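Overview (structure and organization)
Take a look at the letters that make up each chain.
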Amino acid sequence: MTSLMRNTGLSAIALLVLTACSATPSTQATTQVKHAQRATPLLATPPRVSDQLTLEQIMADPDWMGILVKDAYWSDDSRSVYFARQASASPLRDYYRQGITQTSATQLGLDALHLADQQYGVFDAEKRRKAYLYQGNLFVKDLHSGEIKQVTRQNAAIAGVRFLKDGDLVYWQGENIFRLHQDTGLIEQLANIQMLNEPKGETEPDTYIGKQQQRLIRYVALQHENAKRGEQYKAELQAADPTLAANSWYLGDKEKVSELSVSPDGRYVLLALTDKNYDWRSEHDIMPNYLGKQGYVDAVPVRARVAEDNPPGQRLVLLDLSSHQKQDITIEGLQGFDEDVLAKVKAENAKAMGTSYKSEKSPRKIQLIEDWGWSQSAIQWSDDGKHLAVMLEAVDNKDRWLARVELEKGKLRTEHRLHDDAWINYDHNQFGWLPGTDSLYYLSEETGYSQLYLKPLAAKAKALTQGKFVVSDIQLGPKAEYIYYKANKTHPGIYNVYRVALATGEDEQLTHWDGNLDYRLSPDGHSLLLTASRRTQPAELYVQPISGELRQLTHYTSDAFKNYPWQAPEVVTVPSSHGAGAIYARVYLPQGYDATRAAKYPAVVFNHGAGYLQNADYGFSGYFREFMFHNLLSQQGYVVLDMDYRGSKGYGRDWRTAIYRNMGHPEVEDLRDGVSWLGANAHVDTEKVGTYGGSYGGFLTFMSLFTAPDLFQAGAALRPVSDWAHYNAPYTSNILNTPDVDAIAYQRSSPIEEVQGLQKPLLIMSGVMDDNVFFQDSVRVVQRLIELEKPMFETAIYPVEPHGFRQPSSWLDEYRRIYKLFERELK
């Protein structure tokens, strides 16, 4: 379960991934390639550790590990990089600039942040000027001289900006669109969009009394005629006087503007409108803060539950600024726009209720796609403004359309439809126009794996990449000769950067990293900026010329962390007994591991959160505390298994959708296979295995102990989901549809329906201020356990903590309890 954040200071998007390794790079690469080639690798003996870890150190303020790089990106001249660093207890970030030939960075003062090269700027046609927003104000930079001019200084934030083909700037603020003429400096209001009903103006009376009044009372008739003449004069003046702003647009009082985009020629505006009464929460959605600042209980607003949320979809409207004509974009041009894609699900649920369901075609609710990982818009214009493409999704999550808007007709034409009987991925949706062409490039999972495609408007799509690997993070080169991308071609857990030549289709691997990474192509196209990690070292920045050697740019990992001999978890493949193929997992072996000793080892199985997340890779885990905790457990004689169960990211569409309408069951099957593998390959006593995890991992802990009571001897569920009807709509409705449509899926997948199965010790821990998985989820399960007279559970609450704990004291208390549970029940 993830949340998306956009930095409001320096624009930046590289995620904090994590890097390097205790072995030398060459040794590490050789070792990992071997592992990638073996179906089930042999387990290596981990290094002995001289100093024993403590929970106090592991759960301490993580700054002791080093204050690492966040959100790195290139300068405009490709000679430097910008990035942020943030101490864990600080609400503020510090920003830095470092030359790619320098060994240290310079911290930027607050007075210099507006001068820093912003990542999200837009360029004019000749790439000579760059416009960007900083703190809601507009700036323009001359890329040749480096001169920066501030265009606006105001408190009302500007929402977006673009260069027009003639070099003028257009920016929008609220529902107002302005044009800055470069030759005169004139600011022209192109559009004033009013979400109101259009004023009726002076109208003729239509009742007997009204008509009589004008006929008999000369003063009333004169006032009426004067009002009409005034309106006529204003219309004539508007048409004749070029100094006046254009008339306002009145679009009704029932909707609000969700997104707008202006064409490069300044003629058109595309609007996405949604019901103005739709809100992200309902009246019932509050969270009590028992430690309010004034000593009272504060009611904190929180998001709606999927059981109550009802997204209305969006309506597209095209405004022609030259003719002042409005066109409502119809959805009939979307293939399958009226299909009853949930007919089978509805029929199954109706049958379970003793009724029947008759399928009928009906227009579906549609909206601009909400990709959880991109920074681009779902509205993309070709450079010349002649073509407009939008990426749309059905609110029922079953279809994604890449469609062209026929500007003269106000209609949609499907260029590509991606249908999935389960759900369309909320990732891997990047697309755009090739400059100077009528061709679209885009990502699609239609083969079962996210791949890159090219489609001219008048021809069939062509696959630019093919294979059983995942393509992501596509970026068009500055001369549009190549499309760059990230993929896990050699191993699901090893990522590298590639590029494909658009003219020849030649595919080229550019990096040869042996872990995980994110990348950014330099503006001149000559170098890559990598945020890269390996299993035992956090992420640092690296720079690599396209055809050159990799060089490490930052060194922020602390000596205390680097010098500790961390155990690198072995990445293994666990065969599925349910026809799912190989399940990838990380394994930590006990200190002094001996496969021949008489006593078998106890084990702990960790369940990662988010569901759709990859953790069994060769990069440094985002679960850095858990990584250290697993090292501690291995020192205490445990084997630790960390599985990418079905539903995890990085393994393609079928792996992702294996949990459709059945959450918690395929994953528990995979965990059972993991325990069996431990018994056969790691000398583990399968009667001494415990499990734990947070968020989705807490949900899986519940499902394991409730539905498979023989599998684990104890479990700890952290911030766990207990009832999917109480989670949010964007995440849950993908996998389980909605409760009113598919009650079967919710009953089958929610732990609260299975509480009676608990037989082994269970520890439940939740933050009271969790606005993601509500504290109520744990409260309801606890009450069920009490009513069922189950004595084998304990709870711990954390009054100040949100979903991701922040206080070291809370982390320490939580993991002391987990460790105590395992020591008591598994040894």
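Conventions adopted
Residues numbered from 1 in each chain as written. Predicted model: local features only at pLDDT ≥ 70, side-chain atom pairs only at ≥ 80, totals over all residues. Heavy atoms only, no water. Helix = DSSP H or I, 4+ residues; strand = E, 2+ residues; numbered from the N terminus. Rg over C-alpha atoms; globule rule 2.2 N^0.38 Å. Buried < 20%, exposed > 50% of the residue type's maximum accessible area, 1.4 Å probe, protein only. Contact = heavy atoms within 4.5 Å. Areas by Shrake-Rupley, 256 points an atom, 1.4 Å probe, with all protein chains shown as cover. Lys, Arg positive; Asp, Glu negative; His and termini not counted. Charge placed at Lys NZ, Arg CZ, Asp CG, Glu CD. Arc of directions from axis to C-beta. Pairing = 2+ DSSP bridges. Axes fitted to C-alpha atoms, helices over the stretch in contact; angles between N-to-C directions. Patch = residues over 30% accessible without salt bridge, like charges linked within 9 Å, V, L, I, M, F, W, Y side chains within 5 Å. Salt bridge = Lys/Arg side-chain N within 4 Å of Asp/Glu carboxyl O. Core = buried A, V, L, I, M, F, W, Y, C linked by side-chain atoms within 4.5 Å. Left-handed = near helix turned anticlockwise from the far one by under 90°. Nonpolar A, V, L, I, M, F, W, Y, C, P; charged D, E, K, R; others polar. Phe/Tyr/Trp six-rings, centres within 6.5 Å; stacked < 30°, edge-to-face > 60°. pLDDT = per-residue confidence, 0-100. Parallel < 35°, antiparallel > 145°, perpendicular 65-115°, else oblique. Expected span 1.5 Å × (residues − 1).

1. What about the overall build of the protein chain?
On a plain count of helices and strands, the protein chain comes out with 14 helices and 44 strands. The C-alpha radius of gyration computed for the protein chain amounts to 30 Å, which stays within 12% of the reference 28 Å derived for 827 residues, consistent with globular compactness. When the backbone C-alpha atoms are referred to their principal axes, the protein chain occupies close to 110 × 70 × 60 Å. Taken over 827 residues, the protein chain has a buried fraction of 54%. Within the protein chain, contacts between residues separated by at least 24 positions form 61% of all contacts whose residues are at least 6 apart in sequence. When the accessible surface of the protein chain is split by element, carbon and sulfur atoms take 49% of a total near 36,900 Å². Distance between charge centres in the protein chain, computed from 87 positive and 103 negative side chains, equals 1 Å.

2. Examining helix H5 (residues 343-352)
Within the sequence span of H5, burial applies to Ala-343, Val-345, Asn-349 and Ala-350. Mapping the buried residues of H5 onto a view down its axis gives an arc of 160 degrees, with all of them on the same face. Projecting away from the buried face of H5 at angles above 90 degrees are the exposed residues Lys-344, Lys-351 and Ala-352. Here the buried face of H5 lies against helix H12 (743-749). Gly-354 sits one or two residues past H5 and shows a positive phi near 80 degrees.

3. Here's the deal with the sheet that holds strand S31 (residues 494-501)
Taken in spatial order, the four strands line up as S29-S30-S31-S32 in an open sheet, and their pairing is antiparallel. Of all strands in the sheet, those bounded by a partner on one side alone are strand S29 (471-476) and strand S32 (507-509). On average, each strand axis in the sheet is tilted by 30 degrees relative to the strand beside it, whichever way the strands run. Here four bridges tie S29 to strand S30 (residues 482-491), and the two strands are oriented antiparallel to one another. Opposite Ser-472, over in S30, you have Lys-486 as the bridge partner.

4. Section: the environment of Met-195
Its location among the elements puts Met-195 in the loop between strand S12 (187-194) and helix H3 (208-216). A C-alpha to C-alpha distance of 19 Å links Met-195 and Ala-157, two positions 38 residues apart in sequence. With sequence-adjacent residues up to four places away left out, Met-195 is seen in contact with Leu-251, Gly-252, Asp-253, Glu-255, Lys-256, Val-257 and Leu-273.

5. Observations concerning a nonpolar patch on the surface
Taken together, the side chains of Tyr-290, Leu-291, Val-297 and Val-800 make up a nonpolar region of the molecular surface, amounting to roughly 410 Å² of accessible area. As for its position among the elements, Val-800 is in the loop between strand S44 (793-798) and helix H14 (808-826). Given the relative accessible area of 46%, Val-800 is considered partly exposed.

6. Overview of the pattern of salt bridges
Within this structure, the stated rule accounts for 46 salt bridges. Put simply, Asp-654 and Arg-653 hold a salt bridge, and the shortest N to O gap is 3.0 Å. Through salt bridges with shared partners, a single ionic network connects Glu-339, Arg-364, Asp-396, Asp-399 and Arg-417.

7. Let's talk about the nonpolar core
Nonpolar side chains tend toward joint burial in soluble globular proteins. Counting residues in hydrophobic clusters, the biggest one holds 72 residues, and the most contacted among them are Val-639, Met-663, Leu-678, Tyr-696, Trp-724, Tyr-731 and Leu-762. Residue contributions to this core peak at seven residues, all from helix H10 (residues 696-707). Residues Leu-53, Phe-561, Phe-620 and Leu-633 belong to the second largest nonpolar core, which totals 37 residues.

8. So, the packing of helix H7 (residues 624-635) against H14
For any two helices packed against each other, one specifies the crossing angle of their axes together with the interaxial distance. Packing of H7 against H14 brings their axes to within 13 Å, and their N-to-C directions diverge by 35 degrees. In terms of crossing hand, the pair formed by H7 and H14 is right-handed. Judged by residue contacts, Arg-625, Glu-626, Phe-629, Leu-632 and Leu-633 of H7 engage Trp-811, Tyr-815, Ile-818 and Tyr-819 from H14. Residue classes in the contact of H7 with H14 are distributed as seven nonpolar, no polar and two charged.

9. Concerning the packing of aromatic side chains
Across all of its chains, the model carries 41 aromatic pairs by this definition. Both rings, one in Trp-64 and one in Phe-561, keep their centres 5.9 Å apart while their planes meet at 55 degrees; by these two values the pair is tilted. Of this pair, Trp-64 sits in the loop between helix H2 (55-58) and strand S1 (69-74) while Phe-561 sits in helix H6 (residues 559-562), and the two are 497 residues apart along the sequence. Comparing Trp-64 with Phe-561, the two get one shared label, buried.

10. So, unusual backbone geometry
Positive phi, close to 55 degrees, is recorded for His-324, a residue that is not glycine. Structurally, His-324 can be placed in the loop between strand S18 (315-320) and strand S19 (325-328). Of the residues examined, His-324 reaches a relative accessible area of 31% and is grouped as partly exposed. Although it is not a glycine, His-428 sits at a positive phi angle of roughly 60 degrees. Tracing the backbone through its elements, the reader meets His-428 in the loop between strand S24 (411-419) and strand S25 (431-433).

11. Regarding the sheet that holds S25
The strand order across the open sheet built from four strands is S25-S26-S27-S28, with neighbouring strands paired in antiparallel fashion. Every interior strand has two partners, whereas the edge strands, S25 and strand S28 (462-463), have only one. Pairing geometry for S25 and strand S26 (residues 439-444), over three bridges, is antiparallel. In the sheet register, Phe-431 faces S26, and the bridge partner there is Tyr-442.

12. Focus on the pairing of strand S33 (residues 516-521)
In terms of burial, S33 is largely enclosed, as six of its six residues are buried. Of the pairings in the sheet, the one linking S33 to strand S34 (residues 527-534) comprises six bridges and is antiparallel in character. Pairing of Arg-520 across the sheet is with Leu-529, part of S34. Between S33 and S34, which pair antiparallel in sequence order, lie five residues; one of them, Gly-525, sits at a positive phi of approximately 80 degrees.

13. Thoughts on the confidence of the model for the protein chain
The predicted model of the protein chain averages 92 in pLDDT, with 94% of residues at 70 or higher. Within the model, the stretch residues 1-44 combines pLDDT values under 50 with 132 contacts to residues more than four positions away or in other chains. Note on residues 46-50: pLDDT under 50 across the span, and 11 contacts to partners over four residues away in sequence or across chains.

14. Examining the packing of helix H9 (residues 666-681) against H10
Running from N to C, H9 and H10 cross one another at 75 degrees; their axes reach a closest spacing of 10 Å. With respect to H10, the element H9 is oriented roughly perpendicular. Contact residues: Glu-667, Val-668 and Leu-671 in H9; Tyr-696, Phe-699, Leu-700, Met-703, Ser-704 and Thr-707 in H10. Considering only residue class, the contact of H9 with H10 consists of six nonpolar, two polar and one charged.

15. A short note on H14
Over its 19 residues, H14 runs 26 Å from end to end, which matches the ideal 27 Å to within 8%, given 1.5 Å per residue. Within the sequence span of H14, burial applies to Ser-810, Trp-811, Leu-812, Glu-814, Tyr-815, Ile-818, Tyr-819, Leu-821, Phe-822 and Leu-826.

16. Topic: the environment of Ile-177
With respect to the helices, strands and loops of the structure, Ile-177 is situated in strand S11 (residues 176-180). For the pair Ile-177 and Asp-617, spaced 440 residues apart in sequence, the C-alpha separation works out to 47 Å.

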